[in-house]
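Coordinate inspection notes
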Amino acid sequence: MKDMSRATFFKLTGVALALTVIGSLIMVNINWMGLDGSTEKGTIETLLNVTIVLSTFVFSVVMTMLVYAVWKYRAKPGDESDGEPIHGNTKLEIIWTVVPTLIVVGLGVYSTIALNDIEAEAADSMEVDVTAQQFAWRFDYPEQGVTSNELHVPVGTQLDLHLTALDVLHSFWVPEWGIKRDLVPGSDLPGGDDIDNTVRVTPDVEGRYSVVCTELCGWGHATMRAAAVVESPDEFDAWAADQEKIPKDNVSTGAAGGNGAGVYNDQVTK
Ligand SMILES: [Cu+2]
């Protein structure tokens, strides 16, 4: 750096900026997150794109300096001598401390704002209790008194999903909705369900999607999927009216284990 001329510095800066622009254009135009199926998805994608641009900037600066240093300061053939002892460069060190700090703090503030935005509770949100166990999903609708192995929801309604795991960690994900949240088993007793994680999402495109478990949870993990059906409010009401009502004396539905017995009643009366 010490013996770098101003012209070289500006040239390298130009190369790094050009790489940033080209890299960002390519990366941002790749559709990383698939189709849009919720009102939150756009906010999440914008945050992802901003993060991609900033990461591309850091990557471009580092790669430009690395390639330049390897090319410019390589040892001549036969040169076995030690490198010059260098004290350092205070100005450079301040820059490479301050710039990344600003980037990280800025991203942190921006992420918090985005998260608060997508997690704000709507007045008319609909509660669905989501229960996961190896290797199945169950959806209980306290307001409708319905239980199902498919997640049916009316389009445009904010879902207030309460997530509970009965055995091991699972994770709730509908790719098109953008959100993802872990389900955490809560007590050391079998079937403990005292950790209630929540996530909110507003599906806004009708269709049939998949709830995917995205936390490796055992041999059947890959098969741990359930249908997520986003339909018109009328269709949803008709579906709910058609479902089996939650019985008073319950047994857990769903897959192997049977850990859910007893827990089920808890959820109904909660
Ligand atoms: Cu899983």
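Quick caveat, the model's predicted, so the values are computed rather than measured. (Residues numbered from 1 in each chain as written. Predicted model: local features only at pLDDT ≥ 70, side-chain atom pairs only at ≥ 80, totals over all residues. Heavy atoms only, no water.)

1. Considerations on the overall build of the protein chain
- What the protein chain contains, in helices and strands, is five helices and 10 strands.
- The buried share among the 270 residues of the protein chain stands at 35%.
- Put simply, the protein chain shows about 15800 Å² of open surface, and 62% of that area lies on carbon and sulfur atoms. (Helix = DSSP H or I, 4+ residues; strand = E, 2+ residues; numbered from the N terminus. Buried < 20%, exposed > 50% of the residue type's maximum accessible area, 1.4 Å probe, protein only. Areas by Shrake-Rupley, 256 points an atom, 1.4 Å probe, with all protein chains shown as cover.)

2. Details of helix α1 (residues 6–29)
- Here α1 contains 24 residues, and its C-alpha end-to-end distance of 35 Å stays within 8% of the 34 Å for a straight helix at 1.5 Å per residue.
- Those residues of α1 lying buried are Leu-12, Ala-16, Thr-20, Gly-23 and Ser-24. (Expected span 1.5 Å × (residues − 1).)

3. Some remarks on the coordination of the copper ion
- Bound to the copper ion are the protein donor atoms Cys-213 (SG), Glu-215 (O), Cys-217 (SG) and His-221 (ND1), situated 2.0 to 2.7 Å from the metal.
- Given four donor atoms and angles of 83 to 128° at the metal, the environment of the copper ion is assigned as irregular. (Donors = N, O, S within 2.8 Å, 3.2 Å for Na, K, Ca; no water. Tetrahedral: all angles 85-135°; square planar, octahedral: opposite > 155°, others 65-115°.)

4. Description of the pairing of strand β5 (residues 159–165)
- For β5, the buried fraction is high: seven of the seven residues fall into the buried class.
- Judged by which residues are buried, β5 turns out to be covered on both faces: Leu-159, Leu-161, Leu-163 and Ala-165 on one side and Asp-160, His-162 and Thr-164 on the other are all buried.
- Note that strand β1 (residues 126–133) and β5 share seven bridges and pair parallel. Across the sheet, residue Met-126 finds its bridge partner in β5, namely Leu-159.
- In this sheet, strand β8 (residues 197–201) lies alongside β5 in antiparallel orientation, the contact comprising five bridges. The residue of β8 that forms the bridge with His-162 is Thr-198. (Pairing = 2+ DSSP bridges.)

5. Digging into the packing of aromatic side chains
- Using the criterion set out here, one finds eight aromatic pairs in the structure.
- Ring geometry for Phe-9 versus Phe-10: centroids 5.7 Å apart, planes at 65°, classification edge-to-face.
- Look at Tyr-141 and Trp-239: their rings are 5.5 Å apart centre to centre, the planes differ by 65°, and that puts the pair in the edge-to-face class. Of this pair, Tyr-141 sits in strand β2 (residues 136–141) while Trp-239 sits in helix α4 (residues 233–242), placing them 98 residues apart in sequence. Comparing Tyr-141 with Trp-239 shows no difference in burial state: the two are buried.
- Taken together, the ring pairs in this structure connect Tyr-68, Trp-71 and Tyr-73 into an aromatic cluster.
- A cation over an aromatic ring shows up here: Lys-180 above the ring of Trp-173, its NZ or CZ 4.6 Å from the ring centre. (Phe/Tyr/Trp six-rings, centres within 6.5 Å; stacked < 30°, edge-to-face > 60°. Lys NZ or Arg CZ within 6 Å of the ring centre and 35° of its normal.)

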